[in-house]
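# A structural walkthrough
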Amino acid sequence: MNPFQTFRVALRALLRNKMRSFLTCLGMIIGVSAVIAMVAIGEGAKARVEEAFAAMGTNLLIVMAGSSSMGGVQGGSGSQPTLTWEDLKAIQSEVSSVKYAAPQLRSNGQVMSEEQNWGTQIYGTTPEYFKIRSWAVSSGSLLTQSDGDTGAKVAVLGQTVADKLFGVGSSPVGQNIRIKNIPFTVVGVLAKKGQSAMGQDYDDALFIPVSTFGSKIQGGLKKYLSGSIMVQAATSDTARTQADVTALLRDRHRLADGIDDDFSIRNLAEIASAQQEGTKTMTSLLAAVAAVSLLVGGIGIMNIMLVSVTERTREIGLRMAIGARRYQIMAQFLVESLTLAFFGGLIGVAVGVGTATWLSSSFGWSLLIRPDVVAISVVFSALTGVIFGLYPARKASRLDPIDALRYE
Amino acid sequence: MNAPLIHLEKVCKTYRMGEEVVHALQDVTLDINGGLVAIMGASGSGKSTMMNVIGCLDRPSSGSYFLEGQDVSKMGHNALADIRNRTIGFVFQSFHLLSRTSAIENVELPLVYAGVSGKERKRRAEEALKRVGLGARIHHHPNQLSGGQQQRVAIARAIVSKSKLLMADEPTGNLDSRTSIEIMALFQELWREGMTIVLVTHEPDIAAFASRVVVMKDGEVLTDREQEPVVAVVPPPASRPGVMT
Ligand SMILES: Nc1ncnc2c1ncn2[C@@H]1O[C@H](COP(=O)(O)OP(=O)(O)O)[C@@H](O)[C@H]1O
Ligand SMILES: [Mg+2]
């Protein structure tokens, strides 16, 4: 008897009892769909975190006024201004481990086009800022050095702002807008970026030259920089850049040993990797839960196969009497449990993908269905079928035909 | 071939039940070479044990058993399985058909284990079913067939491999007398075509259709005699009221 015939015999035996076969599959279906759905959601969360940090920029540090112990981490308007424009220049020119540095001044404000008006975040910054963020325009151009030098009244819009002011699919470049009632010309619209890791919507923002910001939007002290400094490290060794910048600023601010920093630096690269570690842990936790349910599915198969062997004792006796060898009986039951587990796995994949899609659409979770996870789940469920089918199959093959035929 | 089909030589079969030793077969020496052989005897006399040994489902505790001149008493279970597949057909009191499986698929089963290809299997199974008079019911399932028809399917399964030997343990035990006679008529036909049939029965009426009767008692052969078999003739169907003929 060849393997194909063994498969046919097993399949026929399974089809002879469809309800039992389905119930046996059910454990596997639940197990595998749990694996697929949970890993999809876990991976989705991970991918989203990675994406969000990528949108923020790589190897990023943010220097803010005020010590972290004073709650200066918020970097809001409440903190004492301690960072100066000279500090920014020094960071740019004197620290070799810094690639770019750019100011980030922020204000809330009302923006108007001819028809619409929209409240958003107004940022004042320099051209380097876009390099640090690695942001590009979808139309028009970014801010230039000369815009800053001349204090030009030009703005680059985030996608959301462009949509709100001019409507979806419009071309705002060259149009006029009023920011806090001051006329500006739109020179560019940024490509869509989505939610940031920190919950900010970078698409709901607009960017103007920092000099214009200082003179028109938020007149501040000329010496002090009333915002934060974005720094991109030259290498992925952000800790070293952080140390270099700290040393420079402490020196410039003439802070004696033992005195706290009057500024704080957030290392976003470290936060990013910590977050990614977190989601990785979550994914493995979910995978562990899913593996347990797969195990339960396997035990379910073993259970039903044992019941099936007992129930079909007479059939086994008959098959032996008419010439089935022990290994053929064993193969039949193994193929039966393998088939059940395999099809349970396949259905489980479908149910899992469905569940994950449903969850993501109704709760707004992102999901990522990895083909390798799907393949592994199916292979693993088939393997579960073999492993948990082994004992019942062996039990069947060791029956004595005489006893089996007489079994009531 | 001058070796007899079945040759039992001082075959003993003992069962140990705790302290007690049961001698199910004691020094049975017996040759069977053709014939429609009925094995009779009281309950517990060792008939089934003898059938199991002859049918290669069980091995003797001592003594030897030659089937077609081959000593099968020391063979391993795989070799015995192959012999059962090729040389022996079984018919049981309770039919032992696979439920929810058509007659033809039931009959095909021994050929599946013999590795016969699907098309050839179908052809031979159909032929066997025709031989037992069920050519019109090959796709019926056991629960759609009467007891007598189910036993015919089982007989078709026993002859489909063209085996030389047919073993039947109480084949008419679950059937009414009319159907029993039909089955015995079929056995007589198969015997006259050259098959060796060994059947166990406790009914003298059934044993009367055999060409030889072996009576067992306490694991030993009590009597063993050839006889002129009564020809099994199926009585015409009793006229039923309301049926126009
Ligand atoms: N598996 C077994 N274990 C123990 N004793 C058995 C077994 N099979 C049969 N026997 C005993 O062997 C004797 C013969 O049994 P059996 O061949 O079934 O008789 P029969 O078929 O003529 O009724 C009986 O005493 C029975 O109890
Ligand atoms: Mg008996």
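As the structure is a prediction and not an experimental result, all values here were calculated from the model.

The rules behind the values
Starting from 1, residues in each chain are numbered consecutively following that chain's sequence as written. Chain letters start at A and ligand numbers start at 1, both assigned in the order the entries are written. Given that the model is predicted, a residue must reach a pLDDT of at least 70 before its local features are reported, and side-chain atom pairs must reach 80 or more before they are shown or counted; all residues, however, enter totals for whole chains, interfaces and linings. Side-chain descriptors were evaluated using all non-hydrogen atoms of the structure, hydrogens and water having been removed beforehand. What counts as a helix is a DSSP run of H or I of at least four residues, what counts as a strand is a run of E of at least two, and both are numbered from the N terminus. This radius of gyration counts C-alpha atoms alone. The globule rule is 2.2 Å times how many residues there are, raised to the power 0.38. The classification of residues rests on relative accessible area computed with a 1.4 Å probe and restricted to protein chains. Under 20% of the type maximum is buried, over 50% is exposed, and intermediate values are partly exposed. Contacts are assigned to residue pairs with any non-hydrogen atoms lying within 4.5 Å of each other. Throughout, the Shrake-Rupley method with a 1.4 Å probe supplies accessible areas, and for residues the shown protein chains are the sole cover considered. Charge assignment in this entry is limited to Lys and Arg as positive and Asp and Glu as negative, and neither His nor the chain termini are counted. By convention, the charge on Lys lies at NZ, on Arg at CZ, on Asp at CG and on Glu at CD. DSSP bridges decide pairing: two strands pair if at least two such bridges lie between them. Here the axes come from fitting lines to C-alpha atoms, over the contacting stretch only for helices, and the angles between their N-to-C directions go from 0 to 180 degrees. Only Phe, Tyr and Trp rings take part, Trp by its six-membered ring, and two of them pair if their centres are within 6.5 Å. Stacked means planes under 30 degrees apart, edge-to-face means over 60, and tilted covers everything else. Every residue is assigned a pLDDT by the predictor, reflecting its confidence on a scale from 0 to 100. Take a side-chain nitrogen of Lys or Arg and a carboxyl oxygen of Asp or Glu: if they are within 4 Å of each other, that pair is a salt bridge. A 1.4 Å probe defines the accessible area here, and the buried area is the portion of it lost by two parts on being joined, summed over both. In protein, a polar contact means a hydrogen-donor-capable atom and an acceptor-capable atom, both N or O and within 3.5 Å, with residues adjacent in sequence counting only if both atoms are side-chain atoms; elsewhere, any N or O pair within 3.5 Å suffices. Under the scheme applied, nonpolar residues are Ala, Val, Leu, Ile, Met, Phe, Trp, Tyr, Cys and Pro; charged residues are Asp, Glu, Lys and Arg; polar residues are all the others, including Gly.

Another aspect to go through is the overall build of chain B. A count of helical and extended segments in chain B gives seven helices and ten strands. Relative to the 2.2 N^0.38 estimate, which gives 18 Å for 245 residues, the radius of gyration of chain B is 19 Å and therefore close to what a compact globule would have. Taking all 245 residues of chain B together, the buried fraction comes to 53%. Considering only residue pairs separated by 6 or more positions, chain B has 68% of its internal contacts joining residues 24 or more positions apart. Carbon and sulfur atoms make up 50% of the accessible area of chain B, which totals about 11,400 Å². Within chain B, one finds 27 positive and 27 negative side-chain charges whose respective centroids are separated by 7 Å.

Residue and element names in this part refer to chain B. Within the open sheet, the four strands sit side by side as E2-E1-E4-E5. Their pairing is antiparallel. A single partner strand is all that each edge strand has here, and the edge strands are strand E2 (20-32) and strand E5 (70-71). Bridging between strand E1 (residues 6-17) and strand E4 (residues 62-67) involves five bridges; their strand directions are antiparallel. When the sheet's bridge partners are listed, Glu-9 is paired in E4 with Ser-64. Packing of helix H1 (residues 47-54) onto the sheet brings it into contact with E1, E2 and E4, and relative to E1 it is tilted by some 120°.

Attention now moves to the packing of aromatic side chains. Residues and elements named next belong to chain A. Under the counting rule described, the total for this entry stands at ten aromatic pairs over all chains. On the numbers, 5.8 Å between centres and 40° between planes, the contact of Tyr-129 with Phe-207 is tilted. Of this pair, Tyr-129 sits in helix H4 (residues 128-133) while Phe-207 sits in strand E8 (residues 205-209); the two residues are 78 residues apart in sequence, bridging distant segments of the chain. Residue class for Tyr-129 comes out buried when judged on its relative accessible area of 0%. Note on Phe-207: relative accessible area 0%, which makes it buried. For the pair Phe-342 and Phe-343, a centre-to-centre distance of 5.6 Å together with 75° between the ring planes defines the contact as edge-to-face. Through a chain of ring-to-ring contacts, the aromatic side chains of Tyr-123, Tyr-129, Phe-130, Trp-135 and Phe-207 assemble into a single cluster.

A separate point is the confidence of the model for chain B. Here chain B shows a mean pLDDT of 93. Residues at 70 or above account for 96%. Two summary scores accompany this predicted model of the complex, namely pTM at 0.73 and ipTM at 0.93.

Let us now look at the pattern of salt bridges. One pass over the structure, following the stated rule, counts 29 salt bridges over all chains. A salt bridge links Glu-108 of chain B to Lys-122 of chain B; the nearest nitrogen and oxygen atoms lie 3.5 Å apart. Here Lys-122 of chain B lies in helix H4 (residues 118-131) and Glu-108 of chain B lies in helix H3 (residues 103-114), a separation of 14 residues in the sequence. Here Glu-108 of chain B falls in the buried class, since its relative accessible area comes to 2%. Residue Glu-193 of chain B is joined to Arg-131 of chain B by a salt bridge in which the shortest nitrogen-to-oxygen separation is 2.5 Å. Placement of the pair is Glu-193 of chain B in the loop between helix H6 (177-192) and strand E8 (196-200) and Arg-131 of chain B in helix H4, with a sequence separation of 62 residues. Look at Arg-131 of chain B and you get partly exposed, because its relative accessible area is 26%. Via salt bridges that share partners, Arg-16, Arg-312, Glu-315, Arg-319 and Glu-336 of chain A belong to a single interconnected network.

With that out of the way, let us pick up the interface of chain B and chain A. Listed as interface residues are 26 residues of chain B and, on the opposing side, 22 residues of chain A. Summed over both sides, the interface between chain B and chain A buries roughly 2,400 Å², with carbon and sulfur atoms accounting for 55% of that surface. Where Glu-105 of chain B meets Arg-12 of chain A, a salt bridge forms, and the shortest distance between an N and an O atom there is 2.9 Å. For the pair chain B and chain A, the number of links is ten residue pairs in polar contact (both at pLDDT 80 or more). Elements represented by at least two residues in the side of chain B that touches chain A include exactly helix H2 (77-87), strand E6 (88-92) and H3 of chain B. Considering every element that reaches the side of chain B that touches chain A, the biggest residue donor is H2 of chain B, with six residues. Its residues assigned to classes, the side of chain B that touches chain A shows ten nonpolar, nine polar and seven charged.

All names here are of chain A. Of all nine residues in strand E7 (residues 182-190), seven are buried, a share of seventy percent or more. As judged from the three bridges shared by strand E4 (residues 137-140) and E7, these two strands associate in the antiparallel manner. Paired with Gly-140 across the strands is Gly-188, a residue of E7. Of the pairings in the sheet, the one linking strand E5 (residues 154-157) to E7 comprises four bridges and is parallel in character. Opposite Val-156, over in E7, you have Gly-188 as the bridge partner. Sheet topology places strand E6 (residues 176-179) next to E7; four bridges connect them, and they run antiparallel. Bridging across to E7, Ile-177 finds its partner in Phe-184. The turn linking E6 back onto E7 is made up of two residues, and Lys-180 within it adopts a positive phi angle of 50°.

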